[in-house]
Amino acid sequence: MTVRYPSPLRPGDRVGVTSPSSGVPEALRARLEVALGDVRARGYEVVVGRCMDGSGHVSASAAERADELMSMLTDPTVKAIVPPWGGETAIDLMPLLDWNRLRDVEPTWVVGYSDMSTLITPLTLLTGTATLHGNNLMDTPYRVAEGLLSWFDIVAAPPGRSFTQTPPGRHRTVGFDDFAKFPDVREYTLDAEGGWTRLDGVGDVEAEGRLIGGCVETLCNLAGTPYLDVAAFTRDRAPEGLLMYVEVCDSDAFTVCRHLHGMKLAGFFEGANAVLVGRTGAPDSPSLTQHEAVLDALGSLGVPIIADVECGHVPPYMPIVNGAYGRVVHTAGRSALTQTLW
């Protein structure tokens, strides 16, 4: 079986906006409108769902959120779904989604990261549909850093297209922009220099495989369940092996170490040809750094481990397509991730 790719978006297509996890507080609605305006400026029609309330940690009841997400996923006129951001408890939707139906309908691009990993990674693993671990709606107005792409670029690419992203060499170290005070902010503050880091040893790295991954804090809760059956995906759709990626939001190094050990024990990393690790601003622990936590848990895999990749909660952002065929290169003179939509 092959990976299923949604049709490339064209001007006039409809983009659904819903919050499967957290909604948007009133104080941040101006930023939401700026982001929606950017989607419309690309020529897309925007369909905003009912599940957008930001007064609590979820935008609506689990049943309402699942129903709206299913409605958009099965509507042939909705070509992409982009949430405002992640959240905390999208895991409550897992038993409420009709996974069998989603295997049969025409695929739709689903974009997002953080708690959206809870949904997009199982969507790829269980249905074979490519999903986009990429910058979410509220971050869409930011200008894309040199060497990187936006989710707009990728959802408009036809199946078979290859694209390469390279690290810009700069990232953010402190704080977040205040969307309430500055709803139209478009420039990331990239105040530090730094590239990718090989954790498991020295020397050049070249590795290939199907891309699968996401946020550690959310995926660890699905490890060992039918929703994160990486082994079946590898057997059926990725006999060439996997190019895996993980990233951490804010957990300390001890917690990250435990999470990654548990994911490994549950078989999440079986079939990995290499592991990419997102740059994080999460804290070290007294006797363990974030890099050491990754190496402690995953060093025994015996595959290259490359850290400080732009695929996490630290801006800027490198979108990664779950299910795409990836090739990573990391040498003294060049770092790059090439993805092919086949």
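This write-up is about the structure you can find in this document. For clarity, every value in this text was computed on a predicted model and none was experimentally measured. (Residues numbered from 1 in each chain as written. Predicted model: local features only at pLDDT ≥ 70, side-chain atom pairs only at ≥ 80, totals over all residues. Heavy atoms only, no water.)

### Brief notes about the environment of L301
As a reminder, the rule being used: Put simply, DSSP H or I for four residues or longer makes a helix, DSSP E for two residues or longer makes a strand, and each gets a number counted from the N terminus.
By secondary structure assignment, the location of L301 is in the loop between α9 (290-298) and β13 (305-309). Sequence separation of L301 and M244 is 57 residues, and the distance between their C-alpha atoms is 12 Å.

### Quick look at the environment of A62
Looking at the secondary structure, you find A62 in helix α2 (residues 62-73). Measuring from C-alpha to C-alpha, the distance between A62 and P20 comes to 8.3 Å, with 42 residues separating the pair along the chain.

### As for the packing of helix α8 (residues 253-265) against α9
So the rule is basically this: In this description, a line fitted to the C-alpha atoms serves as the axis of each element, helices being fitted only across the stretch in contact, and the angle between N-to-C directions of two axes falls anywhere from 0 to 180 degrees. For this classification, under 35 degrees means roughly parallel, over 145 means roughly antiparallel, 65 to 115 means roughly perpendicular, and everything else is oblique. Crossings are classed by handedness, with left-handed meaning an anticlockwise turn of the near helix from the far one by less than a right angle and right-handed meaning a clockwise turn. Between two residues, a contact is recorded if the distance between any of their heavy atoms is within 4.5 Å. Classification used: nonpolar for Ala, Val, Leu, Ile, Met, Phe, Trp, Tyr, Cys and Pro, charged for Asp, Glu, Lys and Arg, polar for all others including Gly.
Across the interface, α8 lies against α9 with an axial gap of 8 Å and an inter-helix angle of 20 degrees. One way to sum up the angle between α8 and α9 is to call them roughly parallel. Seen along the crossing, α8 lies across α9 with a hand that is right-handed. Where α8 abuts α9, its residues A253, V256, C257, L260, H261 and K264 lie against Q290, A293, V294, D296, A297 and L298. For the contact of α8 with α9, a count of residues per class yields 8 nonpolar, 2 polar and 2 charged.

### Some details on the sheet that holds strand β1 (residues 14-17)
To be explicit about the condition: Here, a strand pair is defined by DSSP locating no fewer than two bridges between the strands.
With mixed pairing, the 6 strands of this open sheet are ordered in space as β2-β1-β3-β4-β5-β14. Every interior strand has two partners, whereas the edge strands, β2 (45-48) and β14 (320-322), have only one. Strand-to-strand, the axes of this sheet are offset by a mean angle of 25 degrees, without reference to chain direction. Along the sheet, α2 makes contact with β1, β2, β3 (78-81) and β4 (109-112), crossing β3 at roughly 135 degrees. On the sheet, helix α4 (residues 117-127) packs against β4, β5 (131-133) and β14 and is oriented at approximately 140 degrees with respect to β5.

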